[in-house]
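Read off the chains here:
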Amino acid sequence: MRRVSEGAGRDERGRDETPEERADRNFSDILQELRVVLTGTQLISGFLLAVAFQSRFEDLDADEVQHYLVLVAIAALATLLGLTPVLVHRLHFQRSMKQQIVRFCNVLLIATLAVVSILVIGVTSFIFEVVVSATAGLWASVACTTAVVGLWIIAWAARRGASNGD
């Protein structure tokens, strides 16, 4: 049987935890989600880095090289955004700021997800552009953007539905 510490009480979801325990749990959730996102980001970044060392890289036209370099920059931004919550936690470790850290890191995680979504769209477009044609790259970009926007809308609607008790 769990001993209830002072200040603990059931919240609106029926959890029996202190605000500090809730912040610890929420930060742990953020870190788990970042692990998933950063693994995908590392795979995409590795792909992009390998592209520059392929013999066909020299065959890219100026627009394709520019597209590639933009993608490398976006991958770097996604990686840095994903690492920032760890930095924030380290800089504010044991300063009784966990709730503020969780709120800020949640914003960083959402920003990371947005940038990774843009990166996925760009990489998909780039691959179609190089392998098929610029027109195919454009169509792949439109299709992928539609999928990303649709999924974000579904996620947002699910959040709103959950907060309304649906």
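Every value quoted in this text rests on a predicted model; they were computed, and no experiment measured them. (Residues numbered from 1 in each chain as written. Predicted model: local features only at pLDDT ≥ 70, side-chain atom pairs only at ≥ 80, totals over all residues. Heavy atoms only, no water.)

Draft legend 1. Layout of the overall build of the protein. Scanning the protein for helices and strands turns up four helices and two strands. Seen in sequence order, the protein has helices and strands lined up from the N terminus as β-β-α-α-α-α. When burial is assessed residue by residue, the protein has 31% of its 166 residues classed as buried. (Helix = DSSP H or I, 4+ residues; strand = E, 2+ residues; numbered from the N terminus. Buried < 20%, exposed > 50% of the residue type's maximum accessible area, 1.4 Å probe, protein only.)

Draft legend 2. Quick look at the nonpolar core. Grouped together as the largest cluster of nonpolar side chains are 27 residues, with contacts concentrated most on Leu 48 and Leu 119. The set of elements that each furnish at least two residues to this core consists of helix 1 (19–51), helix 2 (62–91) and helix 3 (98–131). The leading source of residues in this core is helix 3, at ten residues. Contacts of Leu 119, omitting those with residues within four sequence positions, involve Ile 44, Leu 48, Leu 71, Ile 74 and Ala 75. (Core = buried A, V, L, I, M, F, W, Y, C linked by side-chain atoms within 4.5 Å. Contact = heavy atoms within 4.5 Å.)

Draft legend 3. Structural context of a nonpolar patch on the surface. Nonpolar side chains collect at one region of the surface, where Phe 47, Ile 127, Phe 128, Val 131 and Val 132 lie side by side and expose about 440 Å² of accessible area between them. Element by element, the count of residues in the nonpolar patch is highest for helix 3, at three residues. Within the fold, Val 131 resides in helix 3. (Patch = residues over 30% accessible without salt bridge, like charges linked within 9 Å, V, L, I, M, F, W, Y side chains within 5 Å. Areas by Shrake-Rupley, 256 points an atom, 1.4 Å probe, with all protein chains shown as cover. Salt bridge = Lys/Arg side-chain N within 4 Å of Asp/Glu carboxyl O.)

Draft legend 4. Just the packing of aromatic side chains, in detail. Counted by the stated rule, this structure contains two aromatic pairs. Both rings, one in Tyr 68 and one in Phe 126, keep their centres 6.1 Å apart while their planes meet at 40 degrees; by these two values the pair is tilted. Taken together, the positions of Tyr 68 in helix 2 and Phe 126 in helix 3 put the pair 58 residues apart, joining distant regions of the chain. The pair Tyr 68 / Phe 126 is uniform in exposure class, with both members buried. Each member of the aromatic cluster is reached from another via a ring pair, and the members are Phe 57, Tyr 68 and Phe 126. (Phe/Tyr/Trp six-rings, centres within 6.5 Å; stacked < 30°, edge-to-face > 60°.)

Draft legend 5. A look at the packing of helix 1 against helix 2. Packing of helix 1 against helix 2 leaves a shortest axis separation of 9 Å and a crossing angle of 155 degrees. Taken together, the axes of helix 1 and helix 2 lie roughly antiparallel to each other. Where helix 1 crosses over helix 2, the handedness of that crossing is left-handed. Along the contact surface, helix 1 presents Phe 27, Leu 31, Leu 34, Leu 38, Thr 41, Ser 45, Leu 48, Leu 49 and Val 51, while helix 2 presents Tyr 68, Leu 71, Val 72, Ala 75, Ala 78, Thr 79, Gly 82, Leu 83, Pro 85, Val 86 and His 89. Residues belonging to the contact of helix 1 with helix 2 are distributed by class as follows: 15 nonpolar, five polar and no charged. (Axes fitted to C-alpha atoms, helices over the stretch in contact; angles between N-to-C directions. Parallel < 35°, antiparallel > 145°, perpendicular 65-115°, else oblique. Left-handed = near helix turned anticlockwise from the far one by under 90°. Nonpolar A, V, L, I, M, F, W, Y, C, P; charged D, E, K, R; others polar.)

Draft legend 6. Structural view of the environment of Asn 26. Along the chain, Asn 26 turns up in helix 1. Residue class for Asn 26 comes out partly exposed when judged on its relative accessible area of 26%. In sequence terms Asn 26 and Arg 103 are 77 residues apart; their C-alpha atoms lie 9.3 Å from each other.

Draft legend 7. The confidence of the model for the protein, seen in detail. Confidence along the protein averages 86 in pLDDT terms, with 88% of residues attaining 70 or more. Per-element averaging of pLDDT across the protein places strand 1 (residues 9–10) at the bottom with 53 and helix 3 at the top with 93. Counted against residues more than four places away or in other chains, residues 1–5, with its pLDDT under 50, gives six contacts. (pLDDT = per-residue confidence, 0-100.)

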